[in-house]
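# Report on the structure
So the chains spell out like this:
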Protein chains: 2
Amino acid sequence: MFQINDNYQKLPGSYLFSTIAKKVAAFSEANPDKTIIRLGIGDVTQPIAPAIIDAMHKAVDEMADAKTFRGYAPDLGYEFLRKAIADNDYKARGCDIEADEIFVSDGAKSDSGNIQEIFGADNRIAVCDPVYPVYVDSNVMAGRTGTYDAATGMWSNVIYMPCTRENNFVPEFPKETPDMIYLCLPNNPTGTTITKAQLQEWVDYANKVGAVIIYDGAYEAYISEDDVAHSIYECEGAKTCAIELKSFSKNAGFTGVRLGYTVVPKELKCGDVSLHSMWARRHGTKFNGAPYIIQRAGEAVYSEAGKAQLKEQIAYYMKNAKTIKSGLQETGFEVYGGVNAPYIWLKTPDSMTSWEFFDYLLEKANVVGTPGSGFGPSGEGYFRLTAFGSYENTVAALERIKAL
Amino acid sequence: MFQINDNYQKLPGSYLFSTIAKKVAAFSEANPDKTIIRLGIGDVTQPIAPAIIDAMHKAVDEMADAKTFRGYAPDLGYEFLRKAIADNDYKARGCDIEADEIFVSDGAKSDSGNIQEIFGADNRIAVCDPVYPVYVDSNVMAGRTGTYDAATGMWSNVIYMPCTRENNFVPEFPKETPDMIYLCLPNNPTGTTITKAQLQEWVDYANKVGAVIIYDGAYEAYISEDDVAHSIYECEGAKTCAIELKSFSKNAGFTGVRLGYTVVPKELKCGDVSLHSMWARRHGTKFNGAPYIIQRAGEAVYSEAGKAQLKEQIAYYMKNAKTIKSGLQETGFEVYGGVNAPYIWLKTPDSMTSWEFFDYLLEKANVVGTPGSGFGPSGEGYFRLTAFGSYENTVAALERIKAL
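Summary of the structure given here. Fair warning: this is a prediction, and the values are worked out from it, not measured in the lab. (Residues numbered from 1 in each chain as written. Chains lettered and ligands numbered in written order. Predicted model: local features only at pLDDT ≥ 70, side-chain atom pairs only at ≥ 80, totals over all residues. Heavy atoms only, no water.)

## Some thoughts on the overall build of chain A
Applied cut-off: Counting from the N terminus, the helices are the DSSP runs of H or I reaching at least four residues and the strands are the DSSP runs of E reaching at least two. In this treatment the radius of gyration is a C-alpha quantity, and the globule benchmark scales as 2.2 Å times the residue count to the 0.38 power. With a 1.4 Å probe rolled over the protein chains alone, any residue whose accessible area is under 20% of its type maximum counts as buried; one over 50% counts as exposed, and the rest are partly exposed. Between two residues, a contact is recorded if the distance between any of their heavy atoms is within 4.5 Å. Surface accessibility follows the Shrake-Rupley procedure with a 1.4 Å probe radius. Residue values consider only the protein chains on display as shielding.
What chain A contains, in helices and strands, is 12 helices and 17 strands. What you see for chain A is a C-alpha radius of gyration of 21 Å, in line with the 22 Å of a compact globule of 404 residues. Across its three principal axes, chain A shows a C-alpha extent of roughly 60 × 55 × 50 Å. Split into buried and exposed, the 404 residues of chain A put 64% on the buried side. Put simply, of all contacts in chain A between residues at least 6 apart along the chain, 73% involve residues at least 24 apart. Of the accessible surface of chain A, which amounts to about 14200 Å², a share of 49% is contributed by carbon and sulfur atoms.

Spelled out as structure tokens, the structure:
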């Protein structure tokens with residue numbers, strides 16, 4: 001008789017955003033007259049920029065003609081896209097990353113979930129707390145996390161690095177030595193980040209203790225402060241200890257277009273085994289490339305017209321972030337993030353739990369946010385609002401919150 | 001110090017098609033005057049059908065307008081596509097599969113590689129030999145296959161079911177009881193298949209011994225004989241033992257468009273654990289949906305215009321198959337497949353090994369095929385040609401082979 005992967009049974013409840021969707025659906029059904037404003041899931045609302053739309057139409061037409069039709073893509077991505085990424089996201093910033101160190105994928109969520117596969121089953125992971133749930137959940141599925149304690153919301157074999165107002169949301173080096181360190185910076189959900197100097201300390205630490213850093217830079221495009229690194233490879237020594245994950249979802253609105261990439265430097269090794277070769281093998285065996293049409297869309301992100309249009313799009317969302325942050329502050333909320341990231345992280349008032357505040361906001365203001373506790377135990381008592389709505393909805397949501 | 005997944009180190013050499021690509025590149029460089037005809041990798045050459053192109057343009061335009069823009073897709077696929085699949089591929093054939101038992105993905109290769117994740121580490125797999133390499137390789141990476149014997153090309157903990165001319169390419173029930181049985185029917189690489197009655201015996205066997213069948217139906221659209229099942233769910237009892245993987249690559253030319261789906265019936269359980277729930281959790285955690293534009297392309301496959309255009313496309317490739325098969329037979333080759341699948345499987349002449357025949361064909365005829373031994377030990381002494389070239393190239397390749 002076949003057996004299942006028992007690790008799946010350890011996962012408590014269902015995925016955060018599914019739960020939110022169910023709660024919102026139930027509320028909508030019970031209150032058909034209410035207009036709900038969603039500032040919950042980090043999904044974008046602005047349409048795809050014209051330069052990217054043009055590139056996709058052109059690529060669709062190429063697929064219609066035998067002379068220009070493209071079948072299987074190179075497993076690791078088309079050269080035109082890998083080169084555009086290397087030139088714009090790395091070389092232009094002084095990072096020595098080559099096109100063949102870049103692996104194009106169908107999105108950073110897939111890469112975030114799959115990257116742990118190339119590591120040993122006994123590795124111990126460290127995560128910021130709170131953080132994007134995929135890092136822990138994908139390691140639960142792989143059996144690396146020990147047992148779950150429902151009372152604390154913690155896994156026995158995960159090293160948690162609390163990021164709260166007490167430490168200004170800067171993770172501290174853990175007491176126990178981790179093998180794999182997940183860093184999402186600017187952080188989802190807190191919207192906070194650390195300076196380049198602080199990141200350099202993490203790189204030095206990882207190299208010293210022999211840990212690998214899995215660096216999720218999905219929100220990099222929102223960085224506005226000068227002393228924040230746009231890539232971990234701006235730090236000296238990062239190529240021997242860090243893998244970087246990047247997404248096109250937030251800088252170009254590709255949440256429904258699906259494109260991402262992962263950088264695995266050739267210098268990154270375990271003994272004499274190259275992690276670059278391992279990830280290439282994983283791609284070659286379990287993945288068949290991102291769609292040609294979508295890779296052309298990715299290329300257009302780096303065109304002059306694309307860059308100019310996306311700069312405006314990001315400014316649009318960051319105007320929302322400012323609106324939320326200042327609006328909440330005026331109302332007396334304690335608020336973080338929103339400067340280098342499109343997320344606003346607020347302390348719930350009156351000692352409400354995160355889910356209590358979720359229900360309160362949904363029922364009283366008909367505004368959907370995300371409970372901080374869904375991102376880890378140290379997220380309890382916090383709440384996330386995103387700047388990805390339309391400006392009109394963002395303003396309307398703030399008016400409702402102010403009126404509470 | 002972090003450790004790697006040591007199972008990766010067990011994988012011998014590199015992936016079959018990468019090796020072929022390297023050999024062909026080396027030959028091309030050494031012989032720039034020769035025109036190579038590729039009947040090797042199973043990649044299509046005909047452009048995407050007009051009905052599908054129209055659907056993609058329309059979807060691209062929707063992404064350009066905030067009113068019709070789509071962000072994150074439902075994890076498991078858009079309802080419009082899941083319903084089209086359920087109606088056309090299942091209900092129309094009398095199979096009782098619901099839309100919510102269908103999981104849309106970025107392609108059957110991803111699903112083929114990932115599906116093993118939801119099963120226990122100690123499960124024993126059985127595979128047809130020869131077969132598509134991803135089934136074994138993805139299980140090697142997960143540590144299920146034991147050790148590799150380079151002399152035999154076999155893994156100590158894999159049950160091989162030889163499919164050769166001696167048994168008319170019909171797999172026999174193995175002596176040892178497997179937990180997971182991979183069946184690719186019509187088979188890649190042999191192009192052969194089994195009757196619905198024979199498939200029913202496999203379903204009965206799996207239900208009896210408590211095995212799960214992972215049924216890869218990627219070539220279903222090429223079935224021409226009446227007594228062959230188009231889905232395993234045409235067999236009684238399949239919903240309690242079988243997962244079906246389907247691709248849009250071969251029926252609609254989506255090798256570079258990327259779309260596939262997996263059916264996990266709700267009745268399929270291990271004890272009281274639903275595999276449907278497990279696969280949903282896997283999708284929700286490590287995947288973020290196929291692109292909206294591509295899902296609309298998939299929907300168009302099932303439109304009246306799309307169906308008519310794809311029927312012609314398949315007829316085009318099957319004319320190639322007939323050309324190759326009859327041409328080789330006239331030349332005295334022993335040939336199989338090509339009736340219910342776009343693959344021709346030939347016995348190498350003069351006791352040549354598969355790779356010897358590969359080199360011979362590349363050097364003497366400048367035709368690229370795929371060595372049978374690359375698909376498993378029982379593929380040794382066989383060779384695969386595909387019908388996916390243009391008709392002109394197919395005819396030209398046959399003329400060259402006849403002239404040898």
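## Structural notes on the interface of chain A and chain B
To keep things clear, this is the line we draw: Buried surface area refers to the total accessible area, computed with a probe of radius 1.4 Å, that the two partners give up upon joining, counted for both partners together. The salt bridge definition used is simple: a Lys or Arg side-chain nitrogen within 4 Å of an Asp or Glu carboxyl oxygen. In protein, a polar contact requires one atom able to donate a hydrogen and another able to accept it; more generally it is a pair of N or O atoms within 3.5 Å, and residues adjacent in sequence count only if both atoms are side-chain atoms.
Taken together, the contact pairs 79 residues of chain A with 79 residues of chain B. Taken together, the two surfaces of chain A and chain B that pack against each other cover about 6600 Å², and 60% of this comes from carbon and sulfur. Per-residue buried area on chain A facing chain B is highest for A:F2, A:Y72 and A:R281; these three make up 13% of the total on that side. Between the two partners, chain A and chain B, sit 2 salt bridges. With a shortest N-O distance of 3.9 Å, B:R281 and A:D137 are connected by a salt bridge. Inspection of the region where chain A meets chain B yields 31 residue pairs in polar contact (both at pLDDT 80 or more).

## Some details on the sheet that holds strand 3 (residues 125-129) of chain A
Residue and element names in this part refer to chain A. Convention followed: A pair of strands is labelled paired if DSSP reports no fewer than 2 bridges between them. The angle between two axes is taken between their N-to-C directions and runs from 0 to 180 degrees, where each axis is a line fitted to C-alpha atoms and a helix contributes only its stretch in contact.
Sheet architecture is open: 7 strands sit in the order 2-10-9-8-7-3-6, paired in mixed fashion. Each edge of the open sheet carries a strand with a single partner, namely strand 2 (102-105) and strand 6 (158-162). Here the average twist between neighbouring strands, direction ignored, is 20°. Of the pairings in the sheet, the one linking strand 2 to strand 10 (residues 260-263) comprises 4 bridges and is antiparallel in character. Following the sheet pairing, I102 is matched in strand 10 by V263.

## Topic: the pairing of strand 7 (residues 180-184) of chain B
Residues and elements named next belong to chain B. Which entries qualify depends on this criterion: By convention a crossover is right-handed if, when the strands point away from the viewer, the path from the first strand over the helix to the second runs clockwise.
Across the 5 residues of strand 7, 5 count as buried, placing the element largely inside the fold. Burial along strand 7 is two-sided: M180, Y182 and C184 and I181 and L183, pointing in opposite directions, are all buried. Bridge count for strand 3 (residues 125-129) against strand 7 is 3 bridges, and the pairing is parallel. Among the inter-strand pairings, V127 is bridged to a residue of strand 7, identified as Y182. Here 5 bridges tie strand 7 to strand 8 (residues 212-216), and the two strands are oriented parallel to one another. Looking at strand 8, one finds that Y182 is bridged to I214. In this region the chain leaves strand 7, passes through helix 7 (residues 196-209) and returns to the parallel neighbour strand 8; the handedness of that crossover is right-handed.

## So, the relation of the copies chain A and chain B
We count it as follows: Residues below a pLDDT of 70 in either copy are left out; the C-alpha atoms of the rest, at least 70 in both, set the least-squares superposition of the copies.
For the pair chain A and chain B, the superposition axis carries a translation of 0.0 Å, the fit reaches an RMSD of 0.0 Å, and the rotation angle comes to 180°. The transformation just described matches what one would write down for a two-fold rotation axis. Relative to the rotation axis, the closest C-alpha in chain A is found at A:H57, a distance of 3.1 Å. Same-surface contact between copies: 100% of interface residues of chain A are shared with the interface of chain B.

## A short note on the sheet that holds strand 14 (residues 343-347) of chain B
Residue and element names in this part refer to chain B. If you walk across this open sheet you meet the 4 strands as 13-14-17-16, and the pairing is antiparallel. Only two strands of the sheet have a single partner each, and these edge strands are strand 13 (334-337) and strand 16 (370-371). Bridge count for strand 14 against strand 17 (residues 382-386) is 5 bridges, and the pairing is antiparallel. In the sheet register, K347 faces strand 17, and the bridge partner there is Y382.

## Overview of the environment of B:I4
Inspection of the secondary structure puts B:I4 in the segment before helix 1 (7-10). Classification of B:I4 as buried rests on a relative accessible area of 6%. Residues B:I4 and B:A308, spaced 304 residues apart in sequence, show a C-alpha to C-alpha distance of 50 Å. If sequence neighbours within four positions are ignored, B:I4 has contacts with A:I118, A:F119, A:G120, A:C270, A:V273, A:L275, A:M278 and B:Q9.

## Section: unusual backbone geometry
Residues and elements named next belong to chain A. Residue P130 is reached from D129 by a cis peptide bond, and omega for that bond is 10°. Take P130: it is sitting in the loop between strand 3 and helix 6 (134-141). Backbone geometry at F169 places phi at a positive 65°, although glycine is not the residue there. By the element assignment, F169 lies in the loop between strand 6 and strand 7 (180-184).

## Structural notes on the packing of helix 6 of chain A against helix 8 (residues 275-286) of chain B
This is how the line gets drawn: The crossing is said to be left-handed when, going from far helix to near helix, the turn is anticlockwise and less than a right angle, and right-handed when the turn is clockwise. Think of it as three bins: nonpolar holds Ala, Val, Leu, Ile, Met, Phe, Trp, Tyr, Cys and Pro, charged holds Asp, Glu, Lys and Arg, and polar takes everything else, Gly as well.
Closest axis-to-axis distance for the helix 6 of chain A/helix 8 of chain B pair is 10 Å, and the angle between their directions is 145°. Helix-helix and strand crossings are classified by hand; for helix 6 of chain A and helix 8 of chain B the assignment is left-handed. Counted together, A:V134, A:D137, A:S138 and A:M141 of helix 6 of chain A and B:R281, B:R282, B:T285 and B:K286 of helix 8 of chain B form the full contact between these two elements. Counted by class, the contact of helix 6 of chain A with helix 8 of chain B contains 2 nonpolar, 2 polar and 4 charged residues.

## Remarks on helix 3 (residues 50-63) of chain A
To keep things clear, this is the line we draw: Under the convention used throughout, the expected extent of a helix is 1.5 Å for every residue step, that is, one less than its residue count.
Helix length check: helix 3 of chain A, at 14 residues, gives a terminal C-alpha distance of 20 Å against a target of 20 Å (1.5 Å per residue), a fit within 8%. Burial analysis of helix 3 of chain A places 10 of its 14 residues in the buried class, which makes it a mostly covered element. On the buried face of helix 3 of chain A, the contacting elements are helix 9 (292-301) and helix 10 (304-330) of chain A together with helix 3 (50-63) and helix 9 (292-301) of chain B.

## Re the pattern of salt bridges
All names here are of chain A. A complete count under the given rule lists 36 salt bridges over all chains for this structure. Salt-bridge contacts for K286 lead to E117; the nearest nitrogen and oxygen are separated by 2.9 Å. Of the two residues, K286 sits in helix 8 (residues 275-286) while E117 sits in the loop between helix 5 (108-114) and strand 3, which places them 169 residues apart along the sequence. On the basis of relative accessible area, K286 is assigned to the buried category, the value being 3%. Residue classification places E117 among the buried residues on the basis of a relative accessible area of 11%. A cluster of three or more residues bridged by salt bridges with shared partners is formed by R93, E220 and K246.

## Comments concerning helix 7 (residues 196-209) of chain A
All names here are of chain A. Operational definition: In this context, the arc is that of the directions from the helix axis out to the C-beta atoms.
Across its 14 residues, helix 7 extends 20 Å between first and last C-alpha, which sits within 8% of the 20 Å expected from 1.5 Å per residue. Those residues of helix 7 that fall on the buried side of the exposure criterion are L199, W202, V203, Y205 and A206. Projected onto a plane normal to the axis of helix 7, the buried residues spread over an arc of 160° and lie on a single side. Residues A197 and K208 are exposed on helix 7 and point more than 90 degrees away from its buried face. Taken together, the buried residues of helix 7 touch strand 6, strand 7 and strand 8 (212-216).

## Structural notes on the pairing of strand 13 of chain B
All names here are of chain B. With 4 bridges connecting them, strand 13 and strand 14 associate as antiparallel partners. Its bridge partner lying in strand 14, V335 is registered against L346. The hairpin turn running from strand 13 into strand 14, its antiparallel successor, is 5 residues long, and G338 in that turn takes a positive phi close to 80°.

## Brief notes about the packing of aromatic side chains
Formally: For Phe, Tyr and Trp, rings pair up if their centres lie within 6.5 Å, where Trp contributes its six-membered ring, and each pair is then called stacked (planes under 30 degrees apart), edge-to-face (over 60) or tilted (otherwise). Consider the ring centre and the ring normal. A charge sits over the ring if Lys NZ or Arg CZ is within 6 Å of that centre and within 35 degrees of that normal.
One pass over the structure, following the stated rule, counts 56 aromatic pairs over all chains. Judged by centre distance (5.7 Å) and plane angle (75°), the ring pair of A:F2 and B:F119 falls under edge-to-face. With A:F2 in the segment before helix 1 (7-10) and B:F119 in the loop between helix 5 (108-114) and strand 3, this pair bridges two chains. Given a relative accessible area of 2%, A:F2 falls into the buried group. Given a relative accessible area of 1%, B:F119 falls into the buried group. Look at B:F248 and B:F254: their rings are 5.8 Å apart centre to centre, the planes differ by 25°, and that puts the pair in the stacked class. For the pair B:F248 and B:F254, a shared accessibility class is recorded, and that class is buried. Within the aromatic cluster, the residues linked to one another by ring pairs are A:Y90, A:Y233, A:F248, A:F254, A:Y261 and A:Y302. Directly above the aromatic system of A:Y391 lies the positively charged group of A:K319, at a separation of 4.0 Å from the ring centroid. The ring of B:Y382 carries B:K347 above its face, with NZ or CZ at 4.9 Å from the centroid.

No statement about biological role is implied by the geometric values presented.
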